[in-house]
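# An overview of the molecular structure
Take a look at the letters that make up each chain.
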Amino acid sequence: MIDPKRLRQSAPEVARNLARRGFEFDADAYLALEERRKTLQVRTEKLRGERNTSAKSIGRAKARGEDIQPLLAAVEDLGANLEAAEGSLAEVQAALQDIELGLPNLLLDDVPDGGDETGNLEIRRWGECRSFDFAPRDHVELGALLGMLDFDAASRLSGSRFAVLRGGLARLQRALIQFMLDIHTAEHGYEETYVPYLVHSESLVGTSQLPKFEADLFRIASEPPFYLIPTAEVPLTNLVREQILDAEDLPIRLAAHTPCFRSEAGSYGQDTRGMIRQHQFEKVELVQLVTAEQSAHALEALTGHAETVLKRLELPYRVVSLCAGDIGFGAAKTYDLEVWLPGQERYREISSCSVYTDFQARRMKARVRNAETGKPEFIHTLNGSGVAAGRALIAIVENYQQPDGSIQVPTVLEPYMGGTTVLAPA
RNA sequence: GGAGAGAUGGCUGAGUGGUCGAAAGCGCUCCCCUGCUAAGGGAGUAUACGUUAAUAGCGUAUCGAGGGUUCGAAUCCCUCUCUCUCCGCCA
């Protein structure tokens with residue numbers, strides 16, 4: 001949520017910023033509604049004040065044993081007036097909140113211009129893309145050859161956009177997850193965290209998946225409904241919802257491995273081959289909860305933490321800064337890590353690292369007490385994949401393939417593979 | 001799933017219709033006193049919103065959440081959530 005004060009005081013400037021995303025903010029309509037809110041609120045609070053004053057004097061009169069009938073008659077229609085005023089105020093407030101929850105975050109100044117992913121700005125590349133002296137296969141072919149990646153079985157169980165991993169490949173995914181968590185906890189200062197995979201709607205409003213993107217989520221038909229988490233960002237970030245933290249508690253760094261569930265509504269026809277885009281996938285997520293002063297640096301650091309994983313795995317990748325038109329709803333700035341996939345001969349997203357400034361904190365009411373002023377201030381939140389395990393698995397399979405279709409296990413994962421150094425067809 | 005108890009400020013804990021945003025204690029902050037230490041005295045100590053130049057005043061809201069009764073609700077009624085205890089079941 002954008003600071004309502006800022007919306008009020010500099011609506012045109014906000015509209016210009018959001019226009020960079022291609023989002024149209026009708027500042028005049030908002031300000032008109034806001035003006036109406038102010039009038040109604042002043043009126044309502046004045047009426048409430050009158051009611052409180054007279055209720056007190058009635059109480060006092062009664063205590064003195066006086067006749068309170070005349071006093072009761074004097075406040076006769078106060079109640080009805082107040083009720084009407086409260087009703088109109090609630091309506092306007094709800095309308096304002098709808099608008100506010102639907103506004104994307106303000107972009108940081110250094111977010112590049114652009115309307116879609118072609119506007120994204122490459123920041124750096126790392127690693128050599130391996131040159132093959134044979135025709136490289138993609139992960140679907142390799143998985144089938146190994147007998148360890150079974151989409152037919154998955155579709156019999158659950159339909160499309162699911163995968164069944166077997167044997168060495170299933171273990172390789174587990175190894176990857178362990179490896180990533182070990183790096184982040186032992187070297188990058190994150191606390192390993194286990195969290196619920198089902199959350200209620202308030203949490204999703206907090207991290208800004210709701211109310212706007214309900215179609216992307218799986219909802220459990222309970223009362224009230226649960227949602228399957230689309231990313232561990234949701235439970236990890238919401239850990240501090242409605243909290244006022246001490247300044248010395250920050251920064252908080254949290255890491256978790258969870259499955260992620262996405263309905264992928266509207267992605268028909270995209271990435272239908274293979275396990276690039278699934279309803280269910282495994283991910284190690286990094287979340288940082290920081291002060292406003294720490295947040296710019298924290299984004300660079302967090303991105304670096306995700307990069308470390310790819311470097312250790314010796315997977316070539318590049319870092320791109322998402323442009324205004326491609327950046328997510330709640331993010332103020334995002335770096336995507338894209339890993340090289342020989343099977344597709346292109347870089348594909350494997351991690352997305354974002355700073356949300358106070359956008360999520362405001363929705364969650366997550367604050368920190370300023371050490372000097374003693375006043376609560378909204379924290380800044382960041383998150384990034386560190387990294388997506390399913391896509392990392394694909395990247396390893398495709399980058400480490402041998403002419404005979406076997407897969408060499410990356411050196412750093414060997415300790416997690418129980419002595420297996422090569423995945424070979426049975 | 002069944003039965004019962006509970007939810008009040010940073011913490012403990014009073015408060016069953018009327019100057020209650022809330023006693024008291026603890027903690028914390030500032031000041032005073034005290035030749036060290038210990039003790040003592042005084043003042044202050046929630047959050048959000050509105051108004052405002054203002055982190056000054058003033059107003060409004062908040063005693064788990066939502067609704068109701070009433071001139072007036074922490075207090076009465078209804079619904080829900082959560083916590084605890086016991087029973088059952090279970091990985």
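Residues numbered from 1 in each chain as written. Chains lettered and ligands numbered in written order. Predicted model: local features only at pLDDT ≥ 70, side-chain atom pairs only at ≥ 80, totals over all residues. Heavy atoms only, no water.

Bringing the overall build of chain A into the picture now. Each helix and strand in chain A was counted, giving 13 helices and 18 strands. By its C-alpha atoms, chain A is 100 × 45 × 40 Å across when sized along the principal axes. In chain A, which comprises 426 residues, the share counted as buried stands at 49%. Within chain A, residue pairs in contact and separated by at least 24 positions form 73% of the contacts whose partners lie at least 6 positions apart. Per element, the accessible surface of chain A, about 20,500 Å² overall, is 49% carbon and sulfur. A gap of 3 Å separates the mean positions of the 47 positive and 62 negative side-chain charges of chain A. (Helix = DSSP H or I, 4+ residues; strand = E, 2+ residues; numbered from the N terminus. Buried < 20%, exposed > 50% of the residue type's maximum accessible area, 1.4 Å probe, protein only. Contact = heavy atoms within 4.5 Å. Areas by Shrake-Rupley, 256 points an atom, 1.4 Å probe, with all protein chains shown as cover. Lys, Arg positive; Asp, Glu negative; His and termini not counted. Charge placed at Lys NZ, Arg CZ, Asp CG, Glu CD.)

Before going further, it helps to examine the side chain of serine 203. With respect to the helices, strands and loops of the structure, serine 203 is situated in helix H9 (residues 201–207). For serine 203, a relative accessible area of 9% translates into the label buried.

In space, the three strands of this open sheet follow the order S5-S7-S6, with antiparallel pairing throughout. A strand with exactly one partner marks an edge of an open sheet, and here the two such strands are strand S5 (198–199) and strand S6 (219–220). As defined by bridge partners, S6 adjoins strand S7 (residues 226–228) across two bridges and the pair is classed as antiparallel. Bridging from a neighbouring strand, arginine 219 pairs with tyrosine 227 of S7. (Pairing = 2+ DSSP bridges.)

Here the focus is the protein's contact with RNA strand B. Around RNA strand B lies a shell of 21 residues, among which Arg8, Lys38, Gln41, Ala55 and Arg367 are the nearest. Counting only the atoms of RNA strand B within 4 Å of the protein, the fraction contributed by sugar and phosphate is 63%. Measuring from a base nitrogen of RNA strand B, one finds a backbone N or O atom of alanine 55 at 2.7 Å. Between RNA strand B and the protein, one listed contact pairs a sugar or linking oxygen with a side-chain N or O atom of arginine 367 at 2.9 Å. Listed by contribution, the elements that provide at least two residues to the surface near RNA strand B are helix H3 (27–63) and strand S14 (367–369). Per-element tally for the surface near RNA strand B: the top contributor is H3, with 15 residues. The class makeup of the residues in the surface near RNA strand B is six nonpolar, four polar and eleven charged. (Near = heavy atom within 4 Å. Polar contact = N/O pair within 3.5 Å; in protein donor to acceptor, adjacent residues only side chain to side chain. Nonpolar A, V, L, I, M, F, W, Y, C, P; charged D, E, K, R; others polar.)

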